[in-house]
Amino acid sequence: MIKVIFVCLGNICRSPMAEFIFKKMVEERGLKLSFDIDSAATSCYEVGNPVYPPAKAVLEKHGISGFHRARQITKRDVINSDYVVVMDSSNLLDVLRLTGGAFGERIFKLLSFTGEERDVADPWYSGNFDRAYEDIYEGCRCFLEYILKEKKDAIDYDLRH
Ligand code: 4NP
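Residues numbered from 1 in each chain as written. Predicted model: local features only at pLDDT ≥ 70, side-chain atom pairs only at ≥ 80, totals over all residues. Heavy atoms only, no water.

Student: Break down the environment of Ile79 for me, with residues and values.
Tutor: If you trace the backbone, Ile79 turns up in helix 3 (residues 75-80). Sequence spacing of Ile79 and His161 is 82 residues, and the spatial spacing of their C-alpha atoms is 27 Å. The residues contacting Ile79, other than those within four sequence positions of it, are Phe103 and Arg106. (Helix = DSSP H or I, 4+ residues; strand = E, 2+ residues; numbered from the N terminus. Contact = heavy atoms within 4.5 Å.)

Pasting the structure below:
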């Protein structure tokens, strides 16, 4: 089981988009049983809220939906995850603050898997949810390719059993 948690500031736009996009990609590859995929916020601002309606609309445009309520990440989430995938540099600092600087080797910025170091375009301020979708889709696609190489033995084992 490969445990992934996507993280952003509010857990109502970028990280649930990543969670649902990545779940769909994993399902399409027939790998659902090998993954535990979740998302959470660094802040408490939106705890209990559903996906922000414009983010929900862009997901639905791409045939994706799912139940969601925002929650705040805990240190235990980081301890229990193989990959903590954040959307921007400020999320990265916030997660490291939560862990007291520990577990840095399992915390990644999503677009680092595409070979870029930039942040996911933040739709909260720009209003551009299509742009955020494109960034997140490409990040998730490259992240899955990375995991398929890095965790090849574990995935092959799951497929045989
Ligand atoms: P998210 O977007 O981090 O992608 O879920 C935001 C949601 C809420 C706020 C900021 C960004 N906020 O300031 O409440």
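Student: Lay out the packing of aromatic side chains in plain terms, naming residues and giving numbers.
Tutor: Applying the stated rule across the entire model yields 14 aromatic pairs. Ring geometry for Phe6 and Phe22: centres 5.5 Å apart, planes at 70 degrees, overall edge-to-face. One end of the pair, Phe6, is in strand 1 (residues 2-8); the other, Phe22, is in helix 1 (residues 14-28), with 16 residues separating them in the sequence. In terms of burial, Phe6 and Phe22 fall into one category: buried. Cluster of aromatic residues (ring-pair linked, three or more members): Phe6, Phe22, Phe35, Tyr83, Phe108, Phe113, Phe143 and Tyr146. (Phe/Tyr/Trp six-rings, centres within 6.5 Å; stacked < 30°, edge-to-face > 60°. Buried < 20%, exposed > 50% of the residue type's maximum accessible area, 1.4 Å probe, protein only.)

Student: Explain the pattern of salt bridges residue by residue, including any values.
Tutor: According to the stated counting rule, one finds 16 salt bridges in the structure shown. Two residues, Glu60 and Lys56, come together in a salt bridge whose shortest N-O distance is 3.2 Å. Taken together, the residues span about one helical turn, with Glu60 and Lys56 both in helix 2 (residues 53-61) at a distance of 4 residues. The class of Glu60 is partly exposed, set by a relative accessible area of 43%. Owing to a relative accessible area of 42%, Lys56 belongs among the partly exposed residues under this scheme. (Salt bridge = Lys/Arg side-chain N within 4 Å of Asp/Glu carboxyl O.)

Interpretation note: all reported values are geometric properties and have no functional meaning in isolation.
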